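# Summary of the model geometry
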Amino acid sequence: MKKDLRRAVIAGNWKMNKTPSEAKALIEEMKPLVADAKCDVVLCVPFIDIPAAVEAAKGSNIKIGAENIHFKASGAYTGEVSADMLKEAGVEYVVIGHSERRQYFGETDQTVNLRTLAALNAGFKAIVCVGETLEQRELGYTETLLKYQTKMALTNVTAEQLKNVIIAYEPVWAIGTGVTATADQADEGNGFVRAAIAESYGADVAETVTVQYGGSMNAKNADELLSKVNVDGGLIGGASLKAEDFAIIVKAASK
Ligand code: 13P
């Protein structure tokens, strides 16, 4: 982390876990454990949990995020949720383009870009996910793929809007598998993302953008991953469902 240049952000991504009452209980448990954080603390929760999560997090340093956003303002888009709906519910962050959405729900680089623009235009902070599959890594395409996904996601995003963008590098092969990228692999991947931003916005701007690592980050490996210069935080799946583990990661990012 380079805390003098960019904010450290630890964000939980609960995915499809926790009912509203469970969300409330988990946040109540987390609040005292992360109260002294010297990094931004975010929990991205299922849509249905948002009201309970916002209520439970009130008055604390925990910010609430959604796991997706639609790019149209309203209309015939069954099952989708708009920026206005999320705004009114008290959401501040939105995860966009998670590999599970790309893999299972037809998310493409184009729709990731549209969702990113919708989120930024509505004043949210966007956590945009990129990452290579094992096959792409083994073929030697990691750098090309990460740069392509980053640039596609940021098409038509202004330098001013970029201040509200966080990129999460999540190698698909490390998500939910217990296989973590090594700290050097995470640093390298995050570096490719930063290089892509530098190509589009200049090196000075790229140095200010928070780039998270995600993929089996946990209480045991967070310290080492976060010690790397290009790793400015984490997007945490499984370990964000356990208050104590999540708090240990927040502490690691608070150093
Ligand atoms: P895990 O931490 O469970 O591997 O999930 C990472 C992730 O996908 C966060 O968005």
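Refer to the structure printed above.
## Topic: the pattern of salt bridges
- Applying the stated criterion across every chain, the model contains 20 salt bridges.
- The salt bridge partner of Lys-2 is Glu-207, with a shortest N-O separation of 3.1 Å. On the criterion of sequence distance, the pair formed by Lys-2 in the segment before β1 (9-13) and Glu-207 in the loop between α10 (203-206) and β7 (211-214) is long-range, its members being 205 residues apart.
- We classify Lys-2 as partly exposed; its relative accessible area is 30%.
- A relative accessible area of 25% means that Glu-207 is categorised as partly exposed.
- Via salt bridges that share partners, Lys-2, Arg-6, Arg-194, Glu-207 and Asp-232 belong to a single interconnected network.

## A closer look at the environment of Ala-126
- Position of Ala-126 among the secondary structure elements: in strand β5 (residues 125-130).
- As a C-alpha pair, Ala-126 and Gly-202 span 76 residues in sequence and 20 Å in three-dimensional space.
- Other than its neighbours up to four places away in sequence, Ala-126 contacts Val-94, Ile-96, Ala-119, Leu-120, Asn-164, Val-165 and Ile-166.

## Focus: helix α1 (residues 20-34)
- Spanning 15 residues, α1 covers 21 Å between terminal C-alpha atoms, matching the ideal 21 Å at 1.5 Å per step.
- Those residues of α1 not exposed but buried are Ala-23, Leu-26, Ile-27, Met-30 and Val-34.

## Describing the sheet that holds β1
- The strand order β1-β2-β3-β4-β5-β6-β7-β8 describes a closed barrel built from eight strands, whose pairing is parallel. Here the average twist between neighbouring strands, direction ignored, is 25 degrees.
- Bridge count for strand β4 (residues 93-96) against β5 is four bridges, and the pairing is parallel. Counterpart to Val-94 in the pairing with β5 is Ala-126.
- Across the sheet, helix α12 (residues 243-253) is in contact with β1, β2 (40-44) and β8 (233-236); its angle to β1 comes to roughly 160 degrees.

## Section: the packing of aromatic side chains
- Counted by the stated rule, this structure contains two aromatic pairs.
- Ring plane angle 65 degrees and centroid distance 6.2 Å describe the contact between Tyr-169 and Tyr-213, whose orientation is recorded as edge-to-face. Of this pair, Tyr-169 sits in strand β6 (residues 165-169) while Tyr-213 is found in strand β7, placing the two residues 44 residues apart along the sequence.
- According to the relative accessible area criterion, Tyr-169 is buried, its value standing at 0%.
- Residue Tyr-213 is classed as buried on the basis of its relative accessible area of 0%.
- Here the basic side chain of Lys-87 rests over the ring of Phe-124, its NZ or CZ set 4.5 Å away from the ring centre.

## Considering the packing of helix α7 (residues 142-153) against helix α9 (residues 183-201)
- Following both chains from N to C, one finds α7 and α9 inclined at 50 degrees, their axes separated by 9 Å at the closest point. It follows that α7 is oblique to α9 by the angle criterion. Handedness of the crossing formed by α7 with α9: right-handed. Two secondary-structure elements touch here, α7 through Thr-142, Glu-143, Leu-146, Lys-147, Thr-150 and Lys-151 and α9 through Gly-189, Phe-192, Val-193, Ala-195, Ala-196, Ile-197, Glu-199 and Ser-200.
- Partitioned by chemical class, the residues of the contact of α7 with α9 number six nonpolar, four polar and four charged.

## Topic: the layout of surface pockets
- The volume enclosed by the largest pocket comes to roughly 400 Å³.
- Forming the walls of the largest pocket are 15 residues, and the residues nearest its centre are Lys-15, Met-16, Glu-67, Arg-101 and Phe-105.
- Its residues assigned to classes, the lining of the largest pocket shows six nonpolar, four polar and five charged.

## Some remarks on the site of the ligand
- Residues in contact with the ligand, as listed here, are Asn-13, Lys-15, His-98, Glu-170, Ala-174, Ile-175, Gly-176, Gly-215, Ser-216, Leu-235, Gly-237 and Gly-238.
- Lys-15 places a polar side-chain atom, nitrogen or oxygen, 2.8 Å from an oxygen atom of the ligand.
- In the environment of the ligand, an oxygen atom lies 2.9 Å from a nitrogen or oxygen atom belonging to the side chain of Glu-170.
- Expressed as a share of its isolated accessible area of 310 Å², the protein-covered part of the ligand is 95%.
- For the shell around the ligand, the residue count by class is three nonpolar, seven polar and two charged.

Criteria and cut-off values
Residues numbered from 1 in each chain as written. Predicted model: local features only at pLDDT ≥ 70, side-chain atom pairs only at ≥ 80, totals over all residues. Heavy atoms only, no water. Salt bridge = Lys/Arg side-chain N within 4 Å of Asp/Glu carboxyl O. Helix = DSSP H or I, 4+ residues; strand = E, 2+ residues; numbered from the N terminus. Buried < 20%, exposed > 50% of the residue type's maximum accessible area, 1.4 Å probe, protein only. Contact = heavy atoms within 4.5 Å. Expected span 1.5 Å × (residues − 1). Pairing = 2+ DSSP bridges. Axes fitted to C-alpha atoms, helices over the stretch in contact; angles between N-to-C directions. Phe/Tyr/Trp six-rings, centres within 6.5 Å; stacked < 30°, edge-to-face > 60°. Lys NZ or Arg CZ within 6 Å of the ring centre and 35° of its normal. Parallel < 35°, antiparallel > 145°, perpendicular 65-115°, else oblique. Left-handed = near helix turned anticlockwise from the far one by under 90°. Nonpolar A, V, L, I, M, F, W, Y, C, P; charged D, E, K, R; others polar. 1 Å grid on protein atoms, 1.4 Å probe; cavity = no way out; pocket = protein on both sides within 12 Å on 5 of 7 lines; lining within 4 Å. Points joined across faces, edges and corners; volume = space filled by probe spheres on them. Near = heavy atom within 4 Å. Polar contact = N/O pair within 3.5 Å; in protein donor to acceptor, adjacent residues only side chain to side chain. Areas by Shrake-Rupley, 256 points an atom, 1.4 Å probe, with all protein chains shown as cover.

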